[in-house]
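Chain by chain, the residues run as shown.
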Amino acid sequence: MRNSVKPVGGDIKPIGSEIKPLGGEVRSPGSDSGLTRISVPLPTDENGMIGRECPNLECGEYFKLKPGTGLQTSECICPYCRYKGQYGEFHTEQQIEYAKSVALKEFIEPELHRLHDSLRNLERSTRGSLVQIKVKTTGLSFPLKLYQERQLETHVTCASCGLEFAVYGVFAGCPDCGQLNAAIVFSRSIEVALKRLALLESIEETDQGLQEGILSDALSGGVSSFDAFGKALRNANKQLLPERPRNLFQNLAALSNALTEGIGKSLSEVIGEDAEAFLKKMFQVRHIYEHNMGVVDDDFVQRIPEYRYLKGRKYPLEREEVAALLNTLLESGLKIQKALEEASANG
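Quick notes on the rules
- Residues numbered from 1 in each chain as written.
- Predicted model: local features only at pLDDT ≥ 70, side-chain atom pairs only at ≥ 80, totals over all residues.
- Heavy atoms only, no water.
- Helix = DSSP H or I, 4+ residues; strand = E, 2+ residues; numbered from the N terminus.
- Contact = heavy atoms within 4.5 Å.
- Areas by Shrake-Rupley, 256 points an atom, 1.4 Å probe, with all protein chains shown as cover.
- Pairing = 2+ DSSP bridges.
- Axes fitted to C-alpha atoms, helices over the stretch in contact; angles between N-to-C directions.
- Parallel < 35°, antiparallel > 145°, perpendicular 65-115°, else oblique.
- Nonpolar A, V, L, I, M, F, W, Y, C, P; charged D, E, K, R; others polar.
- pLDDT = per-residue confidence, 0-100.
- Salt bridge = Lys/Arg side-chain N within 4 Å of Asp/Glu carboxyl O.
- Polar contact = N/O pair within 3.5 Å; in protein donor to acceptor, adjacent residues only side chain to side chain.
- Disulfide = S-S within 2.5 Å.
- Buried < 20%, exposed > 50% of the residue type's maximum accessible area, 1.4 Å probe, protein only.
- Phe/Tyr/Trp six-rings, centres within 6.5 Å; stacked < 30°, edge-to-face > 60°.

J.: Quick question: what am I supposed to make of the overall build of the protein chain here?
T.: Along the protein chain, the regular secondary structure elements total eight helices and nine strands. Within the protein chain, residue pairs in contact and separated by at least 24 positions form 55% of the contacts whose partners lie at least 6 positions apart. When the accessible surface of the protein chain is split by element, carbon and sulfur atoms take 48% of a total near 18900 Å².

Written out as structure tokens, the structure is:
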């Protein structure tokens, strides 16, 4: 848990004093200890989050997290490239400039005003003298360099450590514990698809076109979410899963071969034979609804011969079957993730 924010950044050294404004120390020549600490709290967005920026030059991506949530740690992990470093390395350039301006305004500006007053007193004391001192000063005020945090697409609460963070895109790792957020986002997308199906209760039975549209959208959305989840798993387990085919989690035969080669278990061994058979059928149903208006064709019959009697007719989508698909996709995806994690941990 991060209870306070003490940003760090570059140094400024004006007028004989050394300032480390971003949560660092100020060295004053006249003080006994020689050190004065200036803490500059960073402003948060409307959700209480502060921005972070990956210091890895090959990444440099922006994300946000909420102080006071997550682990009590001084380290941070980039949710995109997985670079790990000290928390202070991840401040954005805007935060650094803001903190410097706060330090200048709160420490240097009062010193300059005191110096100005001393010189004005000296000027007044020399009036009418043979040697007179004139003082002219400009630029005694330092403006604050204010900024706003950026808007991001996906807000997540890590299921492992409780950190609240936000990222571009959908899938990313937790900046505190490194846990991939893919399962959270995948579960949420399946939950949304199931809620769409619940809309069928408020639609009249006579409106078959709207009913079919909701069912086909949920069907397509579920498979697409499973595929996106698979891509996140593949990115996190490149040593276990191949780069090709690109849509590996839409090609169940290829996925089974990849799992066998990568972890020594086929798809049916990971999720069960019944689940695999059901997914194979529903993936074909999704294919004909995407590309053939839902009409059973020769390719469908060749892959699933028991539905030969439906050739040339539209496959009848049912709410219960689509809901079963969504739940099977979620269960199967999580089982595959667990199998990959176990294989990775065992080397």
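J.: Before we go on, may I ask you to explain the sheet that holds strand S4 (residues 50–53) in this structure?
T.: Picture the strands of a sheet paired through backbone hydrogen bonds; they go either parallel or antiparallel. In space, the four strands of this open sheet follow the order S4-S5-S9-S8, with antiparallel pairing throughout. Looking at the sheet topology across the chains shown, the edges are occupied by S4 and strand S8 (154–157). Sheet twist, expressed as the mean angle between neighbouring strand axes with direction ignored, is 30°. Relative to strand S9 (residues 164–167), S8 runs antiparallel, the two sharing four bridges. Directly across from Thr 157, in S9, lies its bridge partner Glu 164.

J.: Could you clarify how one ought to interpret the packing of helix H2 (residues 182–198) against helix H8 (residues 319–345) in this entry?
T.: Axis angle and axis distance: for two packed helices, these are the angle between their axes and the distance between the axes, and together they describe the pair. The N-to-C vectors of H2 and H8 enclose an angle of 175°; their axes lie 10 Å apart at closest approach. By the angle between their directions, the pair H2 and H8 is classed as roughly antiparallel. Of the residues in H8, those in contact with Ala 183, Phe 186, Ser 187, Ile 190, Ala 193, Leu 194, Leu 197 and Ala 198 of H2 are Arg 319, Val 322, Ala 323, Leu 326, Asn 327, Leu 329, Leu 330, Gly 333, Leu 334 and Gln 337. Classifying every residue of the contact of H2 with H8 gives 13 nonpolar, four polar and one charged.

J.: Teacher, can you tell me more about the pairing of S9 here?
T.: Along any regular strand, the residues point their side chains to alternate faces of the sheet. With two bridges connecting them, strand S5 (residues 62–65) and S9 associate as antiparallel partners. The residue of S9 that forms the bridge with Leu 65 is Phe 165. With antiparallel pairing between neighbouring strands as the criterion, S8 and S9 make up a hairpin whose turn holds six residues, including Gly 162 at a positive phi of roughly 85°.

J.: Even after reading the chapter, I still don't get the confidence of the model for the protein chain, so can you show me in this structure?
T.: Low-pLDDT stretches of the model should not have their predicted coordinates read in fine detail. Confidence along the protein chain averages 83 in pLDDT terms, with 87% of residues attaining 70 or more. Model confidence for the protein chain, summarised as mean pLDDT per element, is weakest for strand S1 (residues 18–19) at 34 and strongest for helix H5 (residues 267–271) at 97.

J.: Got a minute to help me understand the pattern of salt bridges in this structure?
T.: Any two side chains of opposite charge can pair if their charged atoms end up close together. By the definition in use, this model includes 14 salt bridges. The salt bridge partner of Glu 97 is Lys 145, with a shortest N-O separation of 3.5 Å. Here the residue Glu 97 occupies a position in helix H1 (residues 93–125), and Lys 145 occupies one in the loop between H1 and S8, the gap between them amounting to 48 residues. Salt bridges sharing common partners tie together Glu 97, Lys 100 and Lys 145.

J.: Is there a simple way to think about the side chain of Ser 268 in this case?
T.: Here Ser 268 lies in helix H5. Separated by 3.1 Å, the side chains of Ser 268 and Ser 266 make a polar contact. In contact with Ser 268, not counting residues within four places along its chain, are Glu 273 and Glu 276.

J.: Explain the state of the cysteines here, please?
T.: Simply put, the disulfide is a covalent bond whose two ends are the sulfur atoms of two cysteines. If you walk through the whole model with that rule in mind, you get zero disulfides. Its sulfur unpaired, Cys 78 is 3.7 Å from the next cysteine sulfur, which belongs to Cys 81. Assessed through its relative accessible area of 0%, Cys 78 is described here as buried. As a non-bridged cysteine, Cys 161 has Cys 174 as the owner of its nearest cysteine sulfur, 3.5 Å distant. On the accessibility criterion, Cys 161 (16% relative accessible area) is buried.

J.: I'm lost on the packing of aromatic side chains in this one. Help?
T.: When we look at a pair of aromatic rings, we describe it by the centre distance and by the angle of the planes. A full pass over the atoms with the stated rule returns 12 aromatic pairs. Both rings, one in Phe 63 and one in Tyr 80, keep their centres 6.5 Å apart while their planes meet at 70°; by these two values the pair is edge-to-face. Taken together, the positions of Phe 63 in strand S5 and Tyr 80 in the loop between strand S6 (75–77) and strand S7 (84–86) put the pair 17 residues apart, joining distant regions of the chain. An angle of 50° between the planes, with centres 5.8 Å apart, marks the rings of Tyr 307 and Tyr 315 as tilted.

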